[in-house]
Structures are given as C-alpha cells and as structure tokens.
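# Coordinate inspection notes
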Amino acid sequence: MNVTYTKPLPVVDSLTKQYWENARSHRLSVQRCRDCGDRHFPPCDVCPKCLSDDQDWEVVSGRGTLLSWVRFHRAYWDGYRGELPYDVCLVKLDEGPLVLSNFSGNAPENARMGMPLRAVFDDVTEQVSLVRFAPE
Ligand SMILES: [Zn+2]
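Residues numbered from 1 in each chain as written. Predicted model: local features only at pLDDT ≥ 70, side-chain atom pairs only at ≥ 80, totals over all residues. Heavy atoms only, no water.

## Observations regarding the overall build of the protein chain
- Check the secondary structure of the protein chain and you find one helix and eight strands.
- Moving toward the C terminus, one meets the helices and strands of the protein chain in the order α-β-β-β-β-β-β-β-β.
- The C-alpha extent of the protein chain, read off along each of the three principal axes, is 45 × 35 × 25 Å.
- Of all 136 residues assigned to the protein chain, the portion counted as buried reaches 40%.
- Total accessible area on the protein chain stands at roughly 8100 Å², and carbon and sulfur atoms take up 49% of it.
- Both charge centroids of the protein chain, one from 16 positive and one from 19 negative side chains, sit 4 Å from each other. (Helix = DSSP H or I, 4+ residues; strand = E, 2+ residues; numbered from the N terminus. Buried < 20%, exposed > 50% of the residue type's maximum accessible area, 1.4 Å probe, protein only. Areas by Shrake-Rupley, 256 points an atom, 1.4 Å probe, with all protein chains shown as cover. Lys, Arg positive; Asp, Glu negative; His and termini not counted. Charge placed at Lys NZ, Arg CZ, Asp CG, Glu CD.)

Here's what the structure looks like:
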C-alpha cells in the first residue's frame, strides 16, 4: 500500500458504498437492475435502461477485453505529475458494462483492441482499493 497516495480519491456515499466494499475485497462489481436485469457502470440512482430505482450490486468475473486506450501527457491533477505520461484504458467487461480505468503499470507492449484483460486491485489507502487491468 502506498501511504503517500496523492491522487484524487473517491467519495464513498450510500450509492457507491457496496462497490467500494467489494473492491476492498478485490472483487469487481457492477450495478444490476432488479426490474429489467440491465448491468451498468458507473452506478446511478436509477437504471439507465428502464429508470427503475430497484438496483443491486453484482460481483462480476473481472474479465474483459480492451476496447481502446490513450496516453495522457498532461497532468490534470498534481498527483499525476510524477507519472507522466500515463495510460488510461476502456475495458468492456465480459458481463457487458464498460469501465474506464488504468492498466496495472503502463500499457502492455503488445496492447491491441480486443486483448483479454483481467481486473487487479491496487490498495491505495486503508479504505480504498482501485481497479486496474492487466493482460489475462
Ligand atoms: Zn432496469
């Protein structure tokens, strides 16, 4: 764990509390609508498909494929200055939702669209574990 973590941290509220508890146990989860079954991420108060507010969290496999990635050359937060350039990736989970995240480290040398990835977790504080993606 990095005790001097200086990057932005999430605000854990009633909507996201279960997600962060699952992440702390290194389990990736997405919201699932109890009415229509739609799985979505990031979380929202109502289902983006049917507007129901009856939603739950579902732990997913953590497996997905790389849709795209981009290299940031500018630090929008001071905490990132020491890591420039850094990579941000867009992953389509096997269960459907898209997740915007980082690679575990820099983009893999052989990164390509459709590359299989798996979720790994970085325990950045005592309370917060952030998901990253590594080659499967
Ligand atoms: Zn729904």
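## Here we look at the coordination of the zinc ion
- Taken together, the protein ligands of the zinc ion are Cys33 (SG), Cys36 (SG), Cys47 (SG) and Cys50 (SG), with distances of 2.3 to 2.4 Å.
- Every donor counted, the four donor atoms about the zinc ion form angles of 104 to 114 degrees at the centre, which fits tetrahedral coordination.
- Here the donor residues of the zinc ion share one chain and are spaced in sequence as C-x2-C-x10-C-x2-C.
- The exposure class assigned to Cys33 is buried, which follows from its relative accessible area of 3%. (Donors = N, O, S within 2.8 Å, 3.2 Å for Na, K, Ca; no water. Tetrahedral: all angles 85-135°; square planar, octahedral: opposite > 155°, others 65-115°.)

## Considering the environment of Glu136
- For Glu136, the position within the fold is in the segment after strand 8 (129–135).
- Along the primary structure Glu136 and Thr125 are separated by eleven residues, whereas in three dimensions their C-alpha atoms are 26 Å apart.

## Side note on the sheet that holds strand 5 (residues 86–93)
- Taken together, the five strands give a closed barrel; going around it, the order is 4-5-6-8-7, and neighbouring strands pair in mixed fashion. Each neighbouring strand pair of the sheet contributes to a mean axis angle of 50 degrees, computed without reference to strand direction.
- The sheet contact formed by strand 4 (residues 63–72) and strand 7 (residues 116–123) spans three bridges and is antiparallel. Across the sheet, the residue bridging to Gly64 is Leu117, located in strand 7.
- The strands that helix 1 (residues 17–24) touches are strand 7 and strand 8; relative to strand 8, the one it contacts most, it runs at about 55 degrees. (Pairing = 2+ DSSP bridges. Axes fitted to C-alpha atoms, helices over the stretch in contact; angles between N-to-C directions. Contact = heavy atoms within 4.5 Å.)

## Some points on a negative patch on the surface
- The grouping of Asp13, Asp35, Asp45 and Asp53 at the surface amounts to a negative patch.
- For Asp35, the position within the fold is in the loop between strand 1 (29–33) and strand 2 (39–40). (Patch = residues over 30% accessible without salt bridge, like charges linked within 9 Å, V, L, I, M, F, W, Y side chains within 5 Å. Salt bridge = Lys/Arg side-chain N within 4 Å of Asp/Glu carboxyl O.)

## Section: the packing of aromatic side chains
- The final tally for this structure, using the stated rule, is seven aromatic pairs.
- Taken together, the aromatic side chains of Phe72, Tyr76, Trp77, Tyr80 and Tyr86 make up a single cluster linked through ring pairs.
- Between the NZ or CZ atom of Lys7 and the centre of the ring of Tyr80, over which it lies, the distance is 5.0 Å. (Phe/Tyr/Trp six-rings, centres within 6.5 Å; stacked < 30°, edge-to-face > 60°. Lys NZ or Arg CZ within 6 Å of the ring centre and 35° of its normal.)

## As for the side chain of Asp38
- Structurally, Asp38 can be placed in the loop between strand 1 and strand 2.
- Salt bridges are absent for the buried Asp38, whose nearest opposite-charge side chain, Lys49, sits at 4.1 Å.
- The residues contacting Asp38, other than those within four sequence positions of it, are Gln31, Arg32, Cys33, Cys47, Pro48 and Lys49.

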